Amino acid sequence: MPFVRIDALRAGPDRLDALGRAVHDALAETIGIPYDDRFQVLTSHDGTNSTLRYDGFPGIRRDDDLVYVAITLRSGRTPAQKKALYRRIAELAHEYAGTEPRDVFVTLTENESIDWSFGDGIAQYVAD
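So, here's what we can say about the structure. Predicted model only: the values in this text are computed from it and were never measured.

Reading the values: the criteria
Within each chain, residues carry numbers counting from 1 in the order of the written sequence. Thresholds applied to this predicted model are a pLDDT of at least 70 for local features of residues and 80 or more for the giving and counting of side-chain atom pairs; totals over whole chains, interfaces and linings are not thresholded and use all residues. Derived side-chain values reflect all non-hydrogen atoms in the structure, with water molecules and hydrogen atoms excluded from consideration. A pair of strands is labelled paired if DSSP reports no fewer than 2 bridges between them. Numbering of helices and strands runs from the N terminus, with a helix taken as a DSSP run of H or I at least four residues long and a strand as a DSSP run of E at least two residues long. Note on method: axes are straight lines fitted to C-alpha atoms, helices fitted across the in-contact stretch only, with angles between N-to-C directions ranging 0 to 180 degrees. Only heavy atoms matter for contacts: two residues are in contact if any of them lie within 4.5 Å across the pair. For the purposes of this section, nonpolar cores are sets of buried Ala, Val, Leu, Ile, Met, Phe, Trp, Tyr and Cys residues that join through side-chain atoms within 4.5 Å. Only protein chains enter the accessibility calculation, which uses a 1.4 Å probe. A residue is then buried if its area is under 20% of the maximum for its type, exposed if over 50%, and partly exposed in between. Here a patch means residues that are over 30% exposed by relative accessible area and free of salt bridges, tied together within 9 Å if like-charged and within 5 Å if nonpolar (Val, Leu, Ile, Met, Phe, Trp, Tyr). Note on areas: Shrake-Rupley with a 1.4 Å probe; residue coverage comes only from the protein chains shown. Definition used for salt bridges: Asp or Glu carboxyl oxygen within 4 Å of a side-chain nitrogen of Lys or Arg.

Here we look at the sheet that holds strand β1 (residues 3-9)
Within the open sheet, the four strands sit side by side as β2-β1-β3-β4. Their pairing is mixed. Both outer strands of the open sheet, β2 (39-45) and β4 (104-111), are each paired with one neighbouring strand and no more. Put simply, the sheet's adjacent strands are angled 10° from each other on average, direction ignored. When strand β3 (residues 67-74) meets β4, the two strands line up parallel, connected through eight bridges. Bridge pairing links Thr-72 to Thr-109 in β4. Seen against the sheet, helix α1 (residues 13-31) touches β1, β2 and β3 and runs at an angle of roughly 140° to β1. Most of the contacts of helix α2 (residues 79-97) go to β4, to which it runs at about 140°, and overall it touches β3 and β4.

Structure follows, in structure tokens:
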């Protein structure tokens, strides 16, 4: 936990890897996710058969280097932790992948312990 989806337009394997590392390192640094707790889906869209859509809301000028980062995790982080996470993801995406911070769009979806099964059909976070 957490589960991360990263979508980028025309990103090669190296850029996808760099973005995945940026998000994972930011999660570890800001909210204490263990470094061996990595569950990610990294997707590059070719711009023809699949693409990303965006406009300038709320006054942010984005370009085709836009990256969507969707993170699902258990609830319990403070607003300060979330703000630090967003900031660190943007910093590391710029450092590792050359993505401008304005092009890093992050969403968090929180859920509860019962909402997770890591395999074997078991809710590992919940005692029977």
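Quick look at the nonpolar core
Val-4, Ile-6, Val-23, Leu-27, Val-69, Ile-71 and Ile-89 are the most contacted members of the largest nonpolar core, which totals 25 residues. Looking at this core, the elements with two or more residues in it are β1, α1, β3, α2 and β4. Take this core: its biggest share by element is seven residues, from α1. Not counting residues up to four positions away in its chain, the partners in contact with Ile-71 are Pro-2, Phe-3, Val-4, Val-23, Leu-27, Leu-85, Ile-89, Val-106, Thr-107, Leu-108 and Thr-109.

Section: a nonpolar patch on the surface
On the surface, Phe-3, Phe-39 and Phe-118 cluster together to form a nonpolar patch covering roughly 250 Å² of accessible area. Relative to the helices and strands, Phe-118 resides in the segment after β4.

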